[in-house]
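Notes for the structure review
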Amino acid sequence: MTDTEVVGTDWSSTELDLIVADYFAMLKEEQAGQTVHKTEHRRRLKAYVQRSDGSIEFKHRNISAVLARLGLPRIRGYIPAWNFQGAIAEAIGRYLEIDSDPVPLTISKPLMGFADAPSLFESAPPAAPPISPGAKTAFERVARKFDPALRDQLNRSLGLAGEQLIYEREKQILINGDRKDLARKVRWVSQEDGDGAGYDIRSYDTSGSERWIEVKTTRGGSTTPFYLTSNENEVARERPDAFRLYRLHDFSQTPGLFTLTPPLEAVLQLEALTFRASLR
């Protein structure tokens, strides 16, 4: 049952703008490490939005779903409800017009070792969540303007933090597996040699086989899209035995990880977005 079925009328643009602004206010509090008093937020919101608690709660979950798809953090406890309407995506787009990076990532200090890294939950690759045909057009219009994959790609501090987490983790896994000799050989290739190798970290499994790890990091959910360069894709095709794509998600909260193994086309929908052009 959707919130419109509960209340009987669609949410107005004004109501949606108010609940989106309140959601981001709570999200900023949570990201800053403050205690979020959701009941108090809801009480204040109901002075302007004449909706039931259940309707407001469900709309918060709709907002979580849109933000997860946009590669932005969401409030813990508001599990994404994917049957959102296009109007809520449009309201989020209006908010981002004013504040395009409402919850910027801050890296307070570089990691000194694995013990300093946040906990990491590893899972299987997720299935793409459904978006209703009615909401898809509105969502894609917002996503094109606030491209989550491009934003992550350009966020160098985010990329470095994700790579360092995996670099330290790979060494610790080998140490735990009684392979200190291999742990000493793990290299952060993108930092030591530059970005041209087609992967970020050269590691090993405990048997000694090489692992060429490309790390993709996002503050958004596990289904947030990402960019894969032609060089990275070519390396994956040439060395499917060694190449691994590590997808780090929810990085600003409790980071999660899933791993993709070539052929990448079997699990990813790859779209050609740009072409290199030169004069004839």
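Residues numbered from 1 in each chain as written. Predicted model: local features only at pLDDT ≥ 70, side-chain atom pairs only at ≥ 80, totals over all residues. Heavy atoms only, no water.

Regarding the overall build of the protein chain
Counting secondary structure elements, the protein chain contains 11 helices and 6 strands. Compactness check: the protein chain gives a C-alpha radius of gyration of 21 Å against a globular reference of 19 Å for 280 residues, within 12% of the reference. For the protein chain, the C-alpha atoms occupy an extent of roughly 65 × 50 × 35 Å along the three principal directions. In the protein chain, buried positions account for 46% of the 280 residues. Across the protein chain, every contact between residues at least 6 apart in sequence was considered, and the portion connecting residues at least 24 apart equals 68%. About 14,800 Å² of surface is accessible on the protein chain, with carbon and sulfur atoms providing 51% of the total. Between the centroid of the 37 positive side chains of the protein chain and the centroid of its 39 negative side chains there is a distance of 0 Å. (Helix = DSSP H or I, 4+ residues; strand = E, 2+ residues; numbered from the N terminus. Rg over C-alpha atoms; globule rule 2.2 N^0.38 Å. Buried < 20%, exposed > 50% of the residue type's maximum accessible area, 1.4 Å probe, protein only. Contact = heavy atoms within 4.5 Å. Areas by Shrake-Rupley, 256 points an atom, 1.4 Å probe, with all protein chains shown as cover. Lys, Arg positive; Asp, Glu negative; His and termini not counted. Charge placed at Lys NZ, Arg CZ, Asp CG, Glu CD.)

Some words on the side chain of glutamate 232
Checked against the element boundaries, glutamate 232 lands in helix α11 (residues 230-238). By relative accessible area, glutamate 232 is classed as buried at 10%. Of the polar contacts made by the side chain of glutamate 232, one reaches the backbone nitrogen of threonine 229; its length is 3.0 Å. Residues contacting glutamate 232, with those up to four places away along its chain left out, are Gly198, Glu214, Lys216, Tyr227 and Phe243. (Polar contact = N/O pair within 3.5 Å; in protein donor to acceptor, adjacent residues only side chain to side chain.)

Things to note about unusual backbone geometry
Geometrically, the link from proline 262 to proline 263 is a cis peptide bond, its omega value of 5 degrees lying close to zero. With phi around 60 degrees, aspartate 178 is a residue other than glycine that occupies positive phi space. With a phi angle near 50 degrees, aspartate 250 is a residue other than glycine that sits in the positive phi range. Inspection of the secondary structure puts aspartate 250 in the loop between β5 (243-249) and β6 (256-260). Using a relative accessible area of 17% as the deciding quantity, one classes aspartate 250 as buried.

Looking at the sheet that holds strand β2 (residues 187-188)
Strand order in the open sheet made by the 6 strands is β1-β6-β5-β4-β3-β2, with mixed pairing throughout. Edge positions in the sheet fall to β1 (121-122) and β2, since each of these pairs with one other strand and no more. Pairing of β2 with strand β3 (residues 201-204) involves 2 bridges; the strand directions are antiparallel. Counted as the bridge partner of tryptophan 188 is isoleucine 201 from β3. (Pairing = 2+ DSSP bridges.)

Structural notes on helix α6 (residues 133-145)
Relative to the 18 Å expected for 13 residues at 1.5 Å per residue, α6 spans 19 Å between its end C-alpha atoms, a close match to the ideal helical length. Where α6 is concerned, the buried positions are Ala135, Ala138, Phe139, Val142 and Ala143. Those residues of α6 that are buried are in contact with α4 (53-70), α5 (86-98) and α7 (148-154). (Expected span 1.5 Å × (residues − 1).)

Digging into the nonpolar core
As a rule of thumb, soluble globular proteins bury nonpolar side chains together. Core analysis: the biggest nonpolar cluster contains 34 residues, and Val20 and Ile92 have the highest contact counts within it. At 7 residues, the largest contribution of residues to this core is made by helix α2 (residues 13-31). Excluding anything up to four places from it in sequence, valine 20 contacts Ile63, Ile88, Ala91, Ile92 and Tyr95. In terms of nonpolar packing, the next biggest core, distinct from the first, is built from 18 residues, Ala161, Leu174, Val215 and Tyr246 among them. (Core = buried A, V, L, I, M, F, W, Y, C linked by side-chain atoms within 4.5 Å.)

Structural notes on the packing of α4 against α6
Geometrically, a packed helix pair is captured by the angle between its two axes and the distance between the axes. Axis separation between α4 and α6 bottoms out at 10 Å; the angle between their running directions is 45 degrees. It follows that α4 is oblique to α6 by the angle criterion. Crossing angle aside, the handedness with which α4 passes α6 is right-handed. Between α4 and α6, the contacting residues are Val66, Arg69 and Leu70 on the first element and Phe139, Val142 and Ala143 on the second. Here the residues of the contact of α4 with α6 sort into 5 nonpolar, no polar and 1 charged. (Axes fitted to C-alpha atoms, helices over the stretch in contact; angles between N-to-C directions. Parallel < 35°, antiparallel > 145°, perpendicular 65-115°, else oblique. Left-handed = near helix turned anticlockwise from the far one by under 90°. Nonpolar A, V, L, I, M, F, W, Y, C, P; charged D, E, K, R; others polar.)

Things to note about the packing of aromatic side chains
For the coordinates displayed, the defined rule picks out 6 aromatic pairs. Aromatic side chains tyrosine 23 and phenylalanine 24 sit 6.4 Å apart centroid to centroid with 80 degrees between the ring planes, which places their arrangement in the edge-to-face category. Ring geometry for tyrosine 199 and tryptophan 212: centres 4.8 Å apart, planes at 15 degrees, overall stacked. Placement of the pair is tyrosine 199 in the loop between α10 (189-192) and β3 and tryptophan 212 in strand β4 (residues 210-217), with a sequence separation of 13 residues. (Phe/Tyr/Trp six-rings, centres within 6.5 Å; stacked < 30°, edge-to-face > 60°.)

Details of the pattern of salt bridges
One pass over the structure, following the stated rule, counts 21 salt bridges. One salt bridge connects arginine 187 with glutamate 192, and the closest N-O pair in it is separated by 3.1 Å. Where glutamate 232 meets lysine 216, a salt bridge forms, and the shortest distance between an N and an O atom there is 2.9 Å. You can see glutamate 232 sitting in helix α11 and its partner lysine 216 sitting in strand β4, a full 16 residues away along the chain. Here lysine 216 falls in the buried class, since its relative accessible area comes to 6%. Residues joined by salt bridges that share partners form a network here, namely Arg42, Lys46, Asp53 and Glu57. (Salt bridge = Lys/Arg side-chain N within 4 Å of Asp/Glu carboxyl O.)

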